[in-house]
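Per-entry structural report
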Amino acid sequence: MANAATEDAQAADRAAGRAESHATDARASADEAALDAEAARAAASEAEQAAKEARDAADHAAVEAAAAEQAAKDAQAYAESAQQ
């Protein structure tokens with residue numbers, strides 16, 4: 001009877017050891033997932049900043065193109081008036 005109780009206690013101890021090992025593995029996986037999520041957030045933030053800078057550059061290019069178009073129109077008008 002005592003032998004059976006000892007075996008049961010040893011089996012319970014082994015099961016507890018396995019459960020502890022699984023819990024440790026789960027914690028490590030959760031920590032890794034948290035690091036992955038933080039890296040993804042950082043990458044998304046960088047991409048958002050790059051997109052903003054690209055938008056600003058496009059807006060600046062549009063302003064420059066409009067100014068160049070106006071300068072070309074002014075030059076054409078000046079050339080036409082000079083011919084007259």
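Scroll up to find the structure this text is about.
Now for a look at the structure at hand.

Along the chain, the position of A82 falls in helix α1 (residues 2-83). Look at A82 and you get exposed, because its relative accessible area is 54%. Residues A82 and N3, spaced 79 residues apart in sequence, show a C-alpha to C-alpha distance of 117 Å.

The topology assignment puts A51 in helix α1. Sequence spacing of A51 and G17 is 34 residues, and the spatial spacing of their C-alpha atoms is 51 Å.

Moving on, we come to the pattern of salt bridges. A full pass over the atoms with the stated rule returns five salt bridges. Between E38 and R41 there is a salt bridge, with its nearest N and O atoms 3.0 Å apart. You can see E38 and its partner R41 sitting in helix α1, three residues apart, about one turn around the helix. Overall, E38 belongs to the partly exposed group, its relative accessible area being 44%.

About the cut-offs
Residues numbered from 1 in each chain as written. Predicted model: local features only at pLDDT ≥ 70, side-chain atom pairs only at ≥ 80, totals over all residues. Heavy atoms only, no water. Helix = DSSP H or I, 4+ residues; strand = E, 2+ residues; numbered from the N terminus. Buried < 20%, exposed > 50% of the residue type's maximum accessible area, 1.4 Å probe, protein only. Salt bridge = Lys/Arg side-chain N within 4 Å of Asp/Glu carboxyl O.

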